[in-house]
Amino acid sequence: AAAIWLANGHNPHDPATNTLLLSGGDSWTGPAISTWFEGEPVVEVMNALGYRATVIGNHEFDFGRDVLIKRIGQAQYPYLAANLYREGTTETPDWVQPYLLTEVNGVTVGIIGLAYENTPSVTSTLNLTGLEFGDYAPALEHWVPVVREQGAEVLVVLSHIPGQDLVVLAEQVKELDIALFLGGHDHRTRTSASGGALVATSGGSWEDYIQVRLVYDP
């Protein structure tokens with residue numbers, strides 16, 4: 001999980017308007033109540049906490065695609081994955097969004113989701129029939145201009161990508177001027193800088209989170 005505190009001079013102490021709560025995926029599988037009810041209690045809690053978006057992790061497919069789509073329908077926040085495609089195309093499935101535009105403290109934030117490209121090697125391929133996981137950089141190169149054209153002032157990549165891979169990616173796409181890369185999957189809490197951006201990942205099992213403070217000067 002990541003909480004982004006965005007300050008731009010307005011409502012500096014109001015968490016309801018200046019905090020963006022995000023998840024790096026793998027929201028369920030583990031706690032008995034979640035496994036028994038196939039993720040439904042987790043989505044209920046994330047709805048209550050006010051999560052703004054999550055990314056598709058490999059464990060989102062653990063109970064099959066039909067259950068995943070049911071959980072997405074239950075969620076009051078979108079599931080993002082700009083590099084998840086229908087097989088043989090560059091089109092995202094209709095139950096996933098490539099990005100989200102949202103306002104935080106008067107600033108328009110563009111959030112682009114990236115699923116782990118090696119998902120087929122860490123989950124049952126039976127649940128991935130008809131899907132492909134594409135490379136990260138081409139997805140960002142395609143969607144960043146789209147999101148900027150639609151008014152994004154600050155760009156965030158929300159991913160289920162291990163930290164070391166995310167550091168490499170941030171350097172590869174530094175010309176895209178992305179402020180923050182958030183990752184997951186490796187269950188390690190770490191922060192670093194790469195390509196002029198902040199890269200941060202949080203640990204697993206709902207035991208910790210990353211809090212990032214961004215200051216935007218219009």
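Note: the structure precedes this text.
All of the points below concern the structure found in this document. This structure is a prediction, so every number in the text was calculated from the model and none was measured.

1. Quick look at the overall build of the protein chain
Tallying secondary structure elements over the protein chain gives six helices and 13 strands in all. Against the compact-globule benchmark of 17 Å for 218 residues, the protein chain has a radius of gyration of 16 Å, which places it among compact chains. With the C-alpha coordinates aligned to their principal axes, the bounding extent of the protein chain is approximately 50 × 35 × 30 Å. For the protein chain, the exposed surface amounts to about 10000 Å²; the carbon and sulfur share of it is 51%. Taken as two groups, the 10 positive and 26 negative side-chain charges of the protein chain have centres that lie 3 Å from each other.

2. Structural notes on the pattern of salt bridges
Counted according to the given criterion, the structure contains four salt bridges. Residue R148 pairs with D177 through a salt bridge whose shortest N-O separation is 3.9 Å. Taken as a pair, R148 in helix α5 (residues 136–149) and D177 in the loop between α6 (163–172) and β10 (180–183) lie far apart in primary sequence, 29 residues in all. Among the ionic pairs, K174 bridges to E171, the shortest N-O distance being 2.9 Å. For K174, a relative accessible area of 48% translates into the label partly exposed.

3. Here's the deal with the packing of aromatic side chains
Counted according to the given criterion, the structure contains three aromatic pairs. Between Y99 and W143 the ring centres are 5.5 Å apart and the planes differ by 45 degrees, which places this aromatic pair in the tilted class. With Y99 in strand β6 (residues 99–104) and W143 in helix α5, the pair connects residues that are 44 residues apart, well separated along the chain. W143 gets classed as buried once you look at its relative accessible area, which sits at 18%.

4. A word on the sheet that holds strand β12 (residues 197–201)
Spatially, β6-β7-β9-β10-β12-β11 is the arrangement adopted by the six strands of the open sheet, whose pairing is mixed. Of all the strands in the sheet, just β6 and β11 (190–194) have a single pairing partner and so form its edges. Strand-to-strand twist across the sheet, computed as the mean angle between neighbouring axes with direction ignored, equals 20 degrees. Bridge count between strand β9 (residues 154–159) and β10: three bridges; the pairing is parallel. Residue V156 lies in a different strand from β10, and its bridge partner there is L180. Taken strand by strand, α5 contacts β6, β7 (107–114), β9 and β10, and its axis lies near 155 degrees from that of β7. Each of β7, β9, β10, β11 and β12 touches α6; the most contacted strand, β11, lies at about 20 degrees to it.

5. A closer look at the nonpolar core
A general tendency of soluble globular proteins is for nonpolar side chains to be buried together. Formed by 26 residues in total, the largest nonpolar core has its most connected members in I112, L114, L140, L169, V173, I178 and F181. Residue assignment for this core shows that the elements contributing at least two residues are β7, α5, β9, α6 and β12. Of the residues forming this core, the biggest block, seven residues, is contributed by α5. Among the nonpolar cores identified, the runner-up in size contains 21 residues, and L21, F61, W95 and F133 belong to it.

6. Re the environment of K174
The residue K174 is located in the loop between α6 and β10 in this model. Spatially, the C-alpha atoms of K174 and S34 are 38 Å apart, while their sequence positions differ by 140 residues. Only 2.9 Å separates the side chain of K174 from the side chain of E171, close enough to count as a polar contact.

7. Some remarks on the pairing of β12
By the criterion of burial, β12 is predominantly enclosed, with four of the five residues buried. As paired strands, β10 and β12 are joined by four bridges and run parallel to one another. Looking across to β12, one finds that L182 is bridged to A200. In this structure, β11 lies alongside β12, joined through five bridges in antiparallel fashion. Looking at the pairing, S194 lines up with A197 of β12. In textbook terms, the turn of a hairpin is the stretch between consecutive antiparallel strands, and for β11 and β12 this stretch comprises two residues, one of which, G195, has a positive phi near 60 degrees.

8. A short note on the side chain of T123
Residue position: T123 is located in the loop between β7 and β8 (131–133). With residues near it in sequence (within four places) discarded, T123 still touches N58, F61, D62 and L128.

Cut-offs used in this document
Residues numbered from 1 in each chain as written. Predicted model: local features only at pLDDT ≥ 70, side-chain atom pairs only at ≥ 80, totals over all residues. Heavy atoms only, no water. Helix = DSSP H or I, 4+ residues; strand = E, 2+ residues; numbered from the N terminus. Rg over C-alpha atoms; globule rule 2.2 N^0.38 Å. Areas by Shrake-Rupley, 256 points an atom, 1.4 Å probe, with all protein chains shown as cover. Lys, Arg positive; Asp, Glu negative; His and termini not counted. Charge placed at Lys NZ, Arg CZ, Asp CG, Glu CD. Salt bridge = Lys/Arg side-chain N within 4 Å of Asp/Glu carboxyl O. Buried < 20%, exposed > 50% of the residue type's maximum accessible area, 1.4 Å probe, protein only. Phe/Tyr/Trp six-rings, centres within 6.5 Å; stacked < 30°, edge-to-face > 60°. Pairing = 2+ DSSP bridges. Axes fitted to C-alpha atoms, helices over the stretch in contact; angles between N-to-C directions. Contact = heavy atoms within 4.5 Å. Core = buried A, V, L, I, M, F, W, Y, C linked by side-chain atoms within 4.5 Å. Polar contact = N/O pair within 3.5 Å; in protein donor to acceptor, adjacent residues only side chain to side chain.

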